[in-house]
Every structure is written in C-alpha cells, then in structure tokens.
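This is what each chain is made of:
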Amino acid sequence: RGLMPYKGYGITAGRAPMEDWAKKTGETRGMNWLVTSASGQRGMRRVVVDTNFWKTFVAARCSTAKGTAGALWVYGDREEQHRLLADQLAAEGCQKTFGNGREVWEWHVIPNADNHLFDCVVMSAVAASISNVSLDKLRTEQKPVRRLKLSELQASKR
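Undergrad: How should I be thinking about the packing of aromatic side chains in this particular structure?
TA: We describe a pair of aromatic rings using the distance from one ring centre to the other and the angle between the two ring planes. Under the criterion given, the structure shown has four aromatic pairs. Taken together, the ring pairs connect Phe 53, Trp 54 and Phe 57 into an aromatic cluster. In this structure, Lys 7 packs its charged tip against the face of Tyr 9, placed 5.3 Å from the ring centre.

Undergrad: Sorry if this is basic, but what is going on with unusual backbone geometry here?
TA: Working note: non-glycine residues mostly have negative phi, and peptide bonds are mostly trans. At Asn 112, a position not held by glycine, the phi torsion is positive, near 65 degrees. Along the chain, Asn 112 falls in the loop between β6 (102-109) and α3 (116-130). For Asn 132, which is not glycine, the phi dihedral falls at a positive 70 degrees. Mapped onto the elements of the fold, Asn 132 is located in the loop between α3 and α4 (150-156). With a relative accessible area of 68%, Asn 132 lands in the exposed category.

Undergrad: Would you mind showing me how to read α3 here?
TA: In an α-helix, one turn spans 3.6 residues, which is why side chains three or four residues apart end up on the same side. The first and last C-alpha atoms of α3 sit 21 Å apart over 15 residues, in line with the 21 Å expected at 1.5 Å per residue. All of the buried residues along α3 are Phe 118, Val 122, Ala 125, Val 126, Ser 129 and Ile 130. Projected down its long axis, α3 shows its buried positions confined to an angular sector of 145 degrees, all on one face.

Undergrad: Before we go on, may I ask you to explain the side chain of Asn 52 in this structure?
TA: Here Asn 52 lies in helix α1 (residues 51-62). Overall, Asn 52 belongs to the buried group, its relative accessible area being 4%. Leave out the neighbours within four places in its chain, and Asn 52 touches Tyr 9, Gly 10, Ile 11, Thr 12, Val 104, Trp 105, Glu 106 and Trp 107.

Calculation criteria
- Residues numbered from 1 in each chain as written.
- Predicted model: local features only at pLDDT ≥ 70, side-chain atom pairs only at ≥ 80, totals over all residues.
- Heavy atoms only, no water.
- Phe/Tyr/Trp six-rings, centres within 6.5 Å; stacked < 30°, edge-to-face > 60°.
- Lys NZ or Arg CZ within 6 Å of the ring centre and 35° of its normal.
- Helix = DSSP H or I, 4+ residues; strand = E, 2+ residues; numbered from the N terminus.
- Buried < 20%, exposed > 50% of the residue type's maximum accessible area, 1.4 Å probe, protein only.
- Expected span 1.5 Å × (residues − 1).
- Arc of directions from axis to C-beta.
- Contact = heavy atoms within 4.5 Å.

See below:
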C-alpha cells in the first residue's frame, strides 16, 4: 500500500460512527478506519481514522496484564528506560459520553503534556489493522482503567 497521509477524527457519541458513513467507490474499510480512493483530495489516497476508538483501544492494551492476550508492553524492566514513552502514553485523559444509543470515550490532551508518542502508538495499531493483523478478538476489552498518578505508583512500591 505504501506511504499514505493520515487524518484522525475524534468521533463523538453525538456523531454517526464510521460504519454508518456512506461508502464511496474505491474505499477500503476496516475497524474504525478507512482508506479513501485516489480520486479524492488531490488524487491521493489517505487513511481516515476514528481517534476516540483507537485511543481507547490502545489504552485498553496498556492496562491489560503483561503476558495476557492483547497486552501492550515494552521490552525490559527498568522503568527509566521507558519514562518518556510512559509519560506520553499518559498525556491524554478521557471521559465516557453517551449519545445516539452508544457509549464513546472522548479523549483530550492534558494541558502542557506531549502526546506525540501516544499518537504514534495509535497510528501503529491502525497500520497493523490495515495490514490485516487480527485485532477483532481484542475489540471487546476496551474499557480504560482509572489512571494512576506517578506518585501513587511510587507509593505502592514502598
């Protein structure tokens, strides 16, 4: 498929989910993503994504116990090696909202926090889905857990 531009939309509970969007000729669709046809914007295909869905998906993977199916974990056990990634994975918060008969976790950036690596992990998960990596079995486990403060985590280790 090659390199394609990416555009994320935080689809709220009040808006129609991607699966209800009118299908256009030449589109490829998957789990809350679509690849447009080349006839659209400037004759270039692009990936369009529901970021609320995918950020919730990644958050659920992060809160799944290491060694459990669907868990996202990084190599090694020295916390300092992964501090930047951990900080950026925690750089957004979410709130459960309801509308049109559905529940959506809506995500927002915490002020003055960098979330670039969180976005990269989300895009990697979308790329895996586009590449036919099976994610459907993981779909039902998408409830983010209560976020711990770093001070709480440090206190629990004492």
